[in-house]
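A structural walkthrough
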Amino acid sequence: MDSLFAILPLLLGWMLDLIFGDPARLPHPIVWFGKAIALGEHRLNHGSHRKLKGAALAVVLVSAVFALTWLLRHYLSLVTCHLSLLFDTIIIFYCLAGTTLIREVRAVFLALDRSLDEGRRQVARIVGRDTTQLSAQEVRTAALETLAENLSDGVIAPLFWLALLGTPGMLAYKMVNTLDSMIGYKTERYKDFGCIAARLDDIANYIPARLTALLMILSGNHNCSLFPKTYYSLLRFVWRNGRNHASPNSGWPEAALAGILDCRFGGPHYYFGQLFPKPYIGTNYRPLTTADMKTAVRVNRTAEVLMVILVACSCYMFY
C-alpha cells in the first residue's frame, strides 16, 4: 500500500501536466522563487564579497525550500495520508514543465510560418539569448535546442530528484534551477554573485542531463531491431559532441537531438548584448523544418514516459 501511495501522486501529477501544462492563472511556486531571488539579488549584489553573498543567498533559499516542504508534508501526513498525497500531487504537477514547453515550441514554428518577426518574438519567450537579429533557421534551431535542454531541466531532472529525495528534493531542485536561470550568467553583473548558483545547478543536473540524452536515444531510434549499430552510432555522436557546450550539462540532450535529427546546433549567441562564443554540436548544417519539430516532440514525449516508468518502478521497489 505504501508503494502505491508513492506512485499515485506521480501518475496524477504527471497526468495533470499532460492535460493542463503550467497553470497560468494559479499561484505558482516558481513565481515566488523568482521574487525571492530578485529581492535577495537587489539587496546583496553590490559592494564587496559578492561571491560570498551570492553563495549565502543560494544556500539559504535552497535549504529553506527543502526544509519548509518537508515540514509541511510531514505535518499533513500526521493529519491524514490523503492530505500528503494531495500535496505531493500538486507539487509534482507544478514542478513538471513538459507540456508547456512543447506548446511553446510548436507556437514558435507556427509563428515563423506567418512571419520572421513573429517567430523571433515567440522564441524570445523561451530562450535567454537576444532574438531580434535571428534568421528563420536560427529561430528554429533555438526552439529545438531549448526543447532538448529543457526536457532535462523541466522533466527528467525534477523526476530524478523526486525519486531520490521526494517532493522536498524536487521543489528544492526547482529553486536551484530558478537561481541559475536568473543569476547564473557570466556577465559583469552576475559573474561573481551568481557563480555558486551556477555551480549548484551544474551539480544538480550532472546525472539527469546524461540520463536525458540516453532516454532520447532510446526514444528516437525506430530502426534498432533492424540496425542495432544505430544506437552505438548515436551514443558515439553524443559522447563526442555532448561536451561542445559552455554548460557541462546542456550539451548532452542537445547532442542527442542533433544526432537524431542529423543537424547542427550551437554556435555563438548574444546574451544581454554581449556575444558569447560557443562551439557547434554536429556538422550537418541543413534547413530545419516543421517535420523536425514533430520528431523532436515525439522524442521528448517518449523519453518523458520512459522516465515516469523508471521513477514509478523505483517508488514501487523502495517505498
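What comes next is a walk through the structure. It should be emphasised that the depicted structure is a prediction, and the values quoted were computed from it without experimental measurement. (Residues numbered from 1 in each chain as written. Predicted model: local features only at pLDDT ≥ 70, side-chain atom pairs only at ≥ 80, totals over all residues. Heavy atoms only, no water.)

Topic: the overall build of the chain
The line we're drawing: By definition, any uninterrupted DSSP run of H or I lasting at least four residues is a helix, any uninterrupted run of E lasting at least two residues is a strand, and each is numbered from the N terminus. Relative accessibility under 20% of the residue-type maximum defines a buried residue, over 50% an exposed one, and the middle range a partly exposed one, all with a 1.4 Å probe and only protein chains included. Per-residue and other accessible areas were derived by the Shrake-Rupley procedure at a 1.4 Å probe size, with only the shown protein chains allowed to occlude residues. Here Asp and Glu are counted as negative and Lys and Arg as positive; His is not counted, and neither are the chain ends. Charge coordinates come from a single atom per side chain, which is NZ of Lys, CZ of Arg, CG of Asp or CD of Glu.
Looking only at helices and strands, one finds 11 helices and 4 strands in the chain. Over its C-alpha atoms, taken along the principal directions, the chain stretches across nearly 60 × 60 × 35 Å. Buried residues in the chain amount to 51% of all 319 residues. Only carbon and sulfur atoms are counted for the fraction: they give 65% of the accessible area of the chain, which is about 15900 Å². Separation of charge centres in the chain, based on 31 positive and 23 negative side chains, amounts to 2 Å.

Here we look at the nonpolar core
Stated formally: Among the buried residues, those of types Ala, Val, Leu, Ile, Met, Phe, Trp, Tyr and Cys that are joined through side-chain atoms within 4.5 Å form a nonpolar core.
Core analysis: the biggest nonpolar cluster contains 80 residues, and Val105, Val123, Leu144, Leu159, Leu179 and Met216 have the highest contact counts within it. Examining the composition of this core, we find that 22 residues originate from one element, helix H7 (residues 136-183), more than from any other.

Section: the environment of Gly128
Along the chain, Gly128 falls in the loop between helix H6 (116-123) and H7. As for Gly128 and Thr146, which are separated by 18 residues in sequence, their C-alpha atoms are 9.7 Å apart.

A short note on the packing of aromatic side chains
Convention followed: Pairing of aromatic rings covers Phe, Tyr and Trp, the last counted by its six-membered ring, and requires centre-to-centre distances within 6.5 Å; plane angles under 30 degrees mean stacked, over 60 mean edge-to-face, and any other angle means tilted. Remark: a charge is flagged as sitting over a ring if the NZ atom of Lys or the CZ atom of Arg is within 6 Å of the ring centre and within 35 degrees of the ring normal.
Considering all chains together, one arrives at 4 aromatic pairs under this definition. Look at Tyr185 and Tyr190: their rings are 6.4 Å apart centre to centre, the planes differ by 45°, and that puts the pair in the tilted class. The cationic tip of Arg210 hangs over the ring face of Tyr206; the distance from NZ or CZ to the ring centre is 3.7 Å. Here the basic side chain of Arg243 rests over the ring of Trp239, its NZ or CZ set 4.4 Å away from the ring centre.

Side note on a nonpolar patch on the surface
Note the threshold: Patch definition: residues with relative accessible area over 30% and no salt bridge; like charges joined within 9 Å; nonpolar side chains (Val, Leu, Ile, Met, Phe, Trp, Tyr) joined within 5 Å. By definition, a salt bridge exists where a carboxyl oxygen of Asp or Glu is found within 4 Å of a side-chain nitrogen of Lys or Arg.
A cluster of nonpolar side chains, namely Phe66, Leu68, Trp70, Leu71, Leu164 and Leu165, defines an oily patch on the protein surface of about 600 Å² accessible area. Of all elements in the fold, only helix H3 (50-79) and H7 reach the threshold of two or more residues within the nonpolar patch. The leading source of residues in the nonpolar patch is H3, at 4 residues. By the secondary structure assignment, Trp70 is in helix H3.

Quick word on the packing of H3 against H7
For the record, the criterion: Lines fitted to C-alpha atoms define the axes, with helix axes restricted to the stretch in contact, and inter-axis angles between N-to-C directions lie between 0 and 180 degrees. Roughly parallel means an angle under 35 degrees; roughly antiparallel means over 145; roughly perpendicular covers 65 to 115; every other angle is labelled oblique. Two helices crossing with the near one rotated counterclockwise from the far one by less than a right angle form a left-handed crossing, whereas a clockwise rotation gives a right-handed crossing. Throughout, a residue-residue contact means that at least one pair of heavy atoms, one from each residue, lies within 4.5 Å. Each residue is assigned to one class: nonpolar for Ala, Val, Leu, Ile, Met, Phe, Trp, Tyr, Cys and Pro, charged for Asp, Glu, Lys and Arg, and polar for all the others, Gly among them.
For the pair H3 and H7, interaxial distance at closest approach is 8 Å and the crossing angle is 155°. With respect to H7, the element H3 is oriented roughly antiparallel. Along this stretch, H3 crosses H7, giving a crossing that reads as right-handed. Between H3 and H7, the residues in contact are Ala58, Leu61, Val62, Val65, Phe66, Thr69, Trp70 and Arg73 and Leu165, Thr167, Pro168, Gly169, Leu171, Ala172, Met175, Val176 and Leu179, respectively. Residue composition of the contact of H3 with H7, by class: 13 nonpolar, 3 polar and 1 charged.

Here's the deal with helix H4 (residues 81-95)
Filter applied, for reference: Helix span, expected: 1.5 Å multiplied by one less than the number of residues in the helix.
The first and last C-alpha atoms of H4 sit 21 Å apart over 15 residues, in line with the 21 Å expected at 1.5 Å per residue. The complete set of buried residues in H4 reads Ser84, Leu85, Phe87, Asp88, Thr89, Ile91, Ile92, Phe93, Tyr94 and Cys95.

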